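# Structure assessment
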Number of protein chains: 2
Amino acid sequence: MTRSIPTAIGRAREVVIPALRAAVAQLEPRMALVAGYQLDWNDEFGNSIEHGGGKALRPTLAIISAEAAGGTLADGVPPAVAVELVHNFSLLHDDVMDRDLERRHRPTGWVVFGDGQAILAGNAMLTLAFDVLLSHGEAGVRALPCLTEAVHQLISGQSDDLAFEGSAAVDLAACLHMEAGKTGALLACSAAIGAAAVRGRDQLVNALWRFGAELGMAFQLVDDILGITGDPVITGKSSSSDVRAGKRSAPVVAALTSGTNAGRRLAALLGDGRPDSEEEVRLATELISEAGGLDWAAREADRRLGAALAALEDASLPSAALHDLVTLARYVVERDH
Amino acid sequence: MTRSIPTAIGRAREVVIPALRAAVAQLEPRMALVAGYQLDWNDEFGNSIEHGGGKALRPTLAIISAEAAGGTLADGVPPAVAVELVHNFSLLHDDVMDRDLERRHRPTGWVVFGDGQAILAGNAMLTLAFDVLLSHGEAGVRALPCLTEAVHQLISGQSDDLAFEGSAAVDLAACLHMEAGKTGALLACSAAIGAAAVRGRDQLVNALWRFGAELGMAFQLVDDILGITGDPVITGKSSSSDVRAGKRSAPVVAALTSGTNAGRRLAALLGDGRPDSEEEVRLATELISEAGGLDWAAREADRRLGAALAALEDASLPSAALHDLVTLARYVVERDH
């Protein structure tokens, strides 16, 4: 069941999308074409398409972050554009590495444009994110270290993910560390970067970073659950796609290390690889559930949400910003499950 | 015949390599491993290897650039580290995209670590380049726009290169524009970035940028010649590797568009693809020469060198910096041919 989208997301989209379009328009035409495709703005020939509109979670966080530090909505726009560019850089690259075929009901960038152009467009979007902040004067410079820190953690998380794939020996702590890098870091950055732009790194920025990091874990755990059980019509990914790919996402590792009979059967089935047939995909999906992997992930997501909200208590936020962050956090964790 | 290496290169290496090592040491261990492999510091397991030492052309230019603007050698170090990181980011990524198997007599990064880890390590090195400048305070911030400008041009050049591969319709202007992006931009940046760090973008920085851009073209044309005729023992690439890969490098395009009989035979042989056999590789290599492609490239390299040296006349450089730049430029264009 889809819940109504928080007002803060609509408000952020309204200011961020034009700025994001203006930034992407600075790229060379071929890179702008691939970036626009990745952002759901155009088809592979450059024709505009009906834009469904993503969750815009990261830009929304960046906007609220600026306001939480006493800045204006406008102060949050360059940071918001930067985090959305970095997010899409990582999606483009990850799809190449993971050989994922579909995203948001469309063929992924590398399927349409080839590996090379997809990698290059990702690089262009990453570099553009730095440009956007650099054009924002001292505020942008104050925000830049947040962004590079998150990018390094993103890279490290994806590197761990690739290294773990098809490995039988991943424990839950290593898996969660990987997910903290892949998803937590950029949400932490999004929640902190607006405030960092307004006043530099301080206690508030650190509290917002912790909030975003915990929220990111909750978000990722929900995503992991949807990657195993999700309705492909809603998620835009094929059902059980993570199981099919042999991904050791947190619910899978929780199941494998559960000490249950179902967990042992799952380990025997997967070995150090992936399911060999659709029949095995279905069986693996059932065993993950039976071993308690999905229940554990749902509980852990709730716990992380609690930790995120607790981090906000450390900061004395303006009440509007506090309300927006809490609403957004609950929305993220309660979506479609 | 290898000529003796200019003193400026040795001097730059001495200060840049320790700073580069300190920067790479900040990366996550797996990324530092791949980066160290790419930089010829360690084998795939992380064991130190005898370091042959690259040409260090870009860091050397960055160091002289800082001195040319009245800065110290130390002022040039962060820019030098940044350009060397960006150079190696682009090598790692290009090897993935071009499926090149060997570089500097060793298997390329993706061959050893897989596509994913090679792409990620490239991303980490690119991001680290920004970090290095950011840690350098206001001077670093002054230098950053040079770097992002060069990165965008690098990306665009590689994108054109991929788009041109196997295309029969590339003209010489498009080909030279592509090479200006792939090689000219980062040499332009290297020659300008030290000065930009010292005093921001001004007339001197622009003159140094033009010098580097022209030198880069001369450098690339020499590289193109070596990629067709070069001795694999010296270049570290397989002989005729560019011909084998179907690359439309400038000498090839010059041959194809020469209007000569050999050029027409070359066009018929290559079609819109690459040679099908080693016999065809040999024949194509001969036809490129016969059609005047190699002679044209050698003359054009000399012309570009002249333009580079003329650009230096626009700037009133300290005599030591001027001497170093002229020596380096001549060294680059006269290497091994």
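Thresholds applied
Residues numbered from 1 in each chain as written. Chains lettered and ligands numbered in written order. Predicted model: local features only at pLDDT ≥ 70, side-chain atom pairs only at ≥ 80, totals over all residues. Helix = DSSP H or I, 4+ residues; strand = E, 2+ residues; numbered from the N terminus. Rg over C-alpha atoms; globule rule 2.2 N^0.38 Å. Buried ≥ 20, exposed ≤ 12 C-beta atoms within 10 Å, placed from the backbone. Contact = placed C-beta atoms within 7 Å. Least-squares fit on C-alpha atoms with pLDDT ≥ 70 in both. Core = buried A, V, L, I, M, F, W, Y, C linked by C-beta atoms within 7 Å. Expected span 1.5 Å × (residues − 1). Arc of directions from axis to C-beta. Axes fitted to C-alpha atoms, helices over the stretch in contact; angles between N-to-C directions. Parallel < 35°, antiparallel > 145°, perpendicular 65-115°, else oblique. Left-handed = near helix turned anticlockwise from the far one by under 90°. Nonpolar A, V, L, I, M, F, W, Y, C, P; charged D, E, K, R; others polar. pLDDT = per-residue confidence, 0-100.

Scanning chain A for helices and strands turns up 16 helices and two strands. Compactness check: chain A gives a C-alpha radius of gyration of 20 Å against a globular reference of 20 Å for 337 residues, within 12% of the reference. Taken along its principal axes, the extent of the C-alpha atoms in chain A is 55 × 50 × 35 Å. Within chain A, buried positions represent 56% of all 337 residues. Pairs at least 24 residues apart make up 73% of the contacts formed inside chain A by residues separated by at least 6 positions.

Bringing the relation of the copies chain B and chain A into the picture now. Rotating chain B by 180 degrees and translating it 0.0 Å along the rotation axis places it on chain A, where the RMSD comes to 0.0 Å. Those values place the two copies in the arrangement expected of a two-fold rotation axis. Counting the interface residues of chain B, we find that 100% of their copies in chain A are interface residues as well, pointing to one common contact surface.

Formed by 236 residues in total, the largest nonpolar core has its most connected members in Leu147(A) and Leu147(B). Excluding anything up to four places from it in sequence, Leu147(A) contacts Ala82(A), Val86(A), Ala129(A), Leu133(A), Cys189(A) and Ile193(A).

Take helix H16 (residues 319–334) of chain A next. All names here are of chain A. If you check H16, its first and last C-alpha atoms are 22 Å apart, about what 16 residues at 1.5 Å a residue would give, namely 22 Å. Along H16, the positions that sit buried rather than exposed are Ala-321, Asp-324, Leu-325, Leu-328, Ala-329, Val-332 and Val-333. The arc enclosing the buried residues of H16, seen along the axis, measures out at 150 degrees, which places them on a common side. Residues Ser-319 and Ala-320 are exposed on H16 and point more than 90 degrees away from its buried face.

Here we come to the packing of helix H8 (residues 203–229) of chain B against helix H14 (residues 293–313) of chain B. All names here are of chain B. One way to put it is that H8 packs onto H14 with a least axis distance of 8 Å and a crossing angle of 160 degrees. By the angle between their directions, the pair H8 and H14 is classed as roughly antiparallel. Where H8 crosses over H14, the handedness of that crossing is left-handed. Partitioning the contact of H8 with H14 into residue classes produces 18 nonpolar, one polar and five charged.

Residue-level contacts link 29 residues of chain B with 29 residues of chain A. Listing elements by their share of the side of chain B that touches chain A, those giving two or more residues are helix H2 (29–38), helix H4 (73–98), helix H5 (109–134) and helix H6 (137–164) of chain B. Grouping the amino acids of the side of chain B that touches chain A by side-chain chemistry returns 15 nonpolar, 10 polar and four charged.

Let's shift gears to the confidence of the model for chain A. Residues and elements named next belong to chain A. Of all residues in chain A, 94% attain a pLDDT of 70 or more, and the chain-wide mean is 91. Per-residue pLDDT, averaged within each element of chain A, yields its smallest value for helix H10 (residues 232–235) (54) and its largest for helix H6 (residues 115–134) (98). Overall fold confidence (pTM) sits at 0.92, and the ipTM for the predicted complex is 0.92.

Turning to the packing of helix H4 (residues 73–98) of chain A against H6(A), a few remarks are in order. Residue and element names in this part refer to chain A. Between H4 and H6, the shortest axis-to-axis distance is 8 Å and the interhelical angle comes to 165 degrees. Looking at the two axes, H4 sits roughly antiparallel to H6. Between H4 and H6 lies a crossing whose hand is left-handed. Contact residues: Pro-78, Val-81, Ala-82, Leu-85, Val-86, Asn-88, Phe-89, Leu-92, His-93 and Val-96 in H4; Asp-115, Ala-118, Ile-119, Ala-121, Gly-122, Met-125, Leu-126, Leu-128, Ala-129, Val-132 and Leu-133 in H6. For the contact of H4 with H6, the class distribution of residues is 17 nonpolar, three polar and one charged.

Residue and element names in this part refer to chain A. Within helix H13 (residues 261–270), burial applies to Gly-263, Leu-266 and Leu-270. The buried residues of H13 occupy an angular sector of 60 degrees when projected down its axis, which confines them to one face. Along H13, exposed side chains directed more than 90 degrees from the buried face belong to Asn-261 and Ala-268.

Here the focus is the environment of Arg304(B). Residues and elements named next belong to chain B. With respect to the helices, strands and loops of the structure, Arg-304 is situated in helix H14. In this structure Arg-304 comes out as buried when scored by C-beta crowding, with 24 C-beta atoms within 10 Å. Taking the C-alpha atoms as reference points, Arg-304 and Phe-219, separated by 85 residues in sequence, lie 9.0 Å from one another. Other than its neighbours up to four places away in sequence, Arg-304 contacts Glu-214, Met-217, Ala-218 and Leu-221.

This brings us to the environment of Leu134(A). Its location among the elements puts Leu134(A) in helix H6. Taking the C-beta count within 10 Å as the criterion, Leu134(A) has 19 such neighbours and is therefore assigned partly exposed. Through-space distance from the C-alpha of Leu134(A) to that of Ile119(A) is 23 Å; in sequence the pair is 15 residues apart. Beyond its immediate chain neighbours, meaning those up to four positions away, Leu134(A) contacts Gly140(A), Leu144(B), Pro145(B) and Thr148(B).

Attention now goes to unusual backbone geometry. All names here are of chain B. Located in the positive-phi region is Arg-99, a residue other than glycine, with phi close to 55 degrees. With respect to the helices and strands, Arg-99 occurs in the loop between H4 and strand S1 (102–103). Look at His-105: it is not a glycine, yet its phi comes out positive at around 65 degrees. Checked against the element boundaries, His-105 lands in the loop between S1 and strand S2 (106–107).

Residues and elements named next belong to chain B. Among the secondary structure elements, Ile-64 is positioned in helix H3 (residues 57–68). With 31 C-beta atoms packed within 10 Å, Ile-64 lands in the buried category. In the structure, Ile-64 is positioned 12 residues away from Gly-76 in sequence and 7.4 Å away in space, judged by C-alpha atoms. Residues in contact with Ile-64, not counting those within four places in the same chain, are Ala-8, Ala-321, Asp-324 and Leu-325.

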